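What follows is each chain in one-letter form.
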Amino acid sequence: MYETIQKLRNNSVVLRTALIFLASYVLFLFVWIQVKDYYGTGVTVAASKLLTLVKDVSYEGVTRVGEAIEVTFSPLSRRDMLVDIPVNTSSYTFNAPLTLSLMATLWLFIGKKGKAYSEALLILLGVHLLYVFSLEWKTLTEILMQRGIDQKNNLPLFFSQFLWGFTDNMVIRFEPFLIGFYMFIRFGK
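Once a new chain begins, its residue numbering starts again from 1 and follows that chain's sequence as written. The model is predicted, so local features are restricted to residues of pLDDT at least 70 and side-chain atom pairs to those at 80 or more, both for listing and for counting; the totals for chains, interfaces and linings are taken over all residues. To get the side-chain values, all heavy atoms of the structure are used, and hydrogens and water are removed first.

Asks: Hey, could you run me through the overall build of the chain in this one?
Replies: Tallying secondary structure elements over the chain gives five helices and three strands in all. For the radius of gyration, the atom set is restricted to C-alpha positions; the globular benchmark scales as 2.2 Å times the number of residues to the power 0.38. By the compact-globule yardstick of 16 Å for 189 residues, the chain is too spread out, its C-alpha radius of gyration being 21 Å. Over its C-alpha atoms, taken along the principal directions, the chain stretches across nearly 80 × 35 × 25 Å. Buried residues are those whose accessible area, probed at 1.4 Å on protein chains only, stays under 20% of the maximum for their type, while exposed residues exceed 50% and partly exposed ones sit between those limits. Counting over 189 residues, the chain shows a buried share of 39%. Here, two residues are considered to be in contact whenever any of their heavy atoms come within 4.5 Å of each other. Excluding contacts between residues fewer than 6 apart, the proportion of contacts in the chain whose partners are at least 24 apart in sequence is 64%. Across the chain, 18 positive and 14 negative side-chain charges occur, with their mean positions spaced 12 Å apart. Working definition: helices are DSSP H or I runs of at least four residues, strands are E runs of at least two. Numbering for both runs from the N terminus. His is not counted, nor are the chain ends, whereas Lys and Arg count as positive and Asp and Glu as negative. Note on charges: their place is set at NZ of Lys, CZ of Arg, CG of Asp or CD of Glu.

Shown next, in the form of structure tokens:
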């Protein structure tokens, strides 16, 4: 009898978890489609301003061009020259509804919910900032070296390309599972 009750209880948890995931995915997908462009613009502006701390460039502004946000920079040594870098918001936010759904699914299994969700959302924002920052850093480094404004130096070029490649090919692809794993390990009951 005890085993039967345990099986029903376990099936109930699995069913509730699956329903939470499906319902939250539909909800987050609908909401995300509405807010993605605003979120992408905010992340792009923030990452672009952070980039000016490590590159000798001035942030000039952003404009929306179709699905992309075009960021304009100007090298400090050549204020008459403008460099435009397109950033496609969907390239780094395509996993956001899945990530948010996995976070919602963990509701039943974690403690300290406020702290857990705050940290998870900060990690998500940090990953997106890192994506845009590394894309812009790599692209600017390549362009400024090609145009002779920056010295040809393989170390910054290699590091910017490595950071971009790692972020694009590894971190963004596994973001939902990394955040879910982090939440479960750190806050699991």
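Asks: In this structure, what is going on with helix H5 (residues 154-187)? I would like to understand it.
Replies: Residues spaced three or four apart along an α-helix point in a common direction, a consequence of the helix completing one turn every 3.6 residues. Here H5 spans only 42 Å end to end across 34 residues, well under the 50 Å set by a 1.5 Å rise per residue. Note on bend: at a given residue it equals the angle between the axes fitted to the 7 residues ending there and to the 7 starting there. The largest bend along H5 measures about 65° and falls at glutamate 175, with the proline proline 176 one to four residues further on. Multiply 1.5 Å by the residue count of a helix minus one, and that product is the helix's expected span.

Asks: What is the right way to look at the side chain of threonine 93 in this model?
Replies: Mapped onto the elements of the fold, threonine 93 is located in helix H2 (residues 89-93). Of note is the side chain of threonine 93, whose polar atom sits 2.8 Å from the backbone oxygen of threonine 89. Setting aside chain neighbours within four positions, we find threonine 93 in contact with Trp32, Lys36, Tyr39 and His128. Residues adjacent in sequence count toward polar contacts only when both atoms are side-chain atoms; beyond that, a polar contact is any pair of N or O atoms within 3.5 Å, and within protein one must be able to donate a hydrogen and the other to accept it.

Asks: I would appreciate a short explanation of unusual backbone geometry in the present structure.
Replies: Excluding glycine, residues mostly have negative phi values, and the peptide bonds linking residues are mostly trans. For lysine 112, which is not glycine, the phi torsion reads 45° and is therefore positive. Tracing the sequence through the fold places lysine 112 in the loop between helix H3 (96-105) and helix H4 (113-146). Residue classification places lysine 112 among the exposed positions, given a relative accessible area of 63%.

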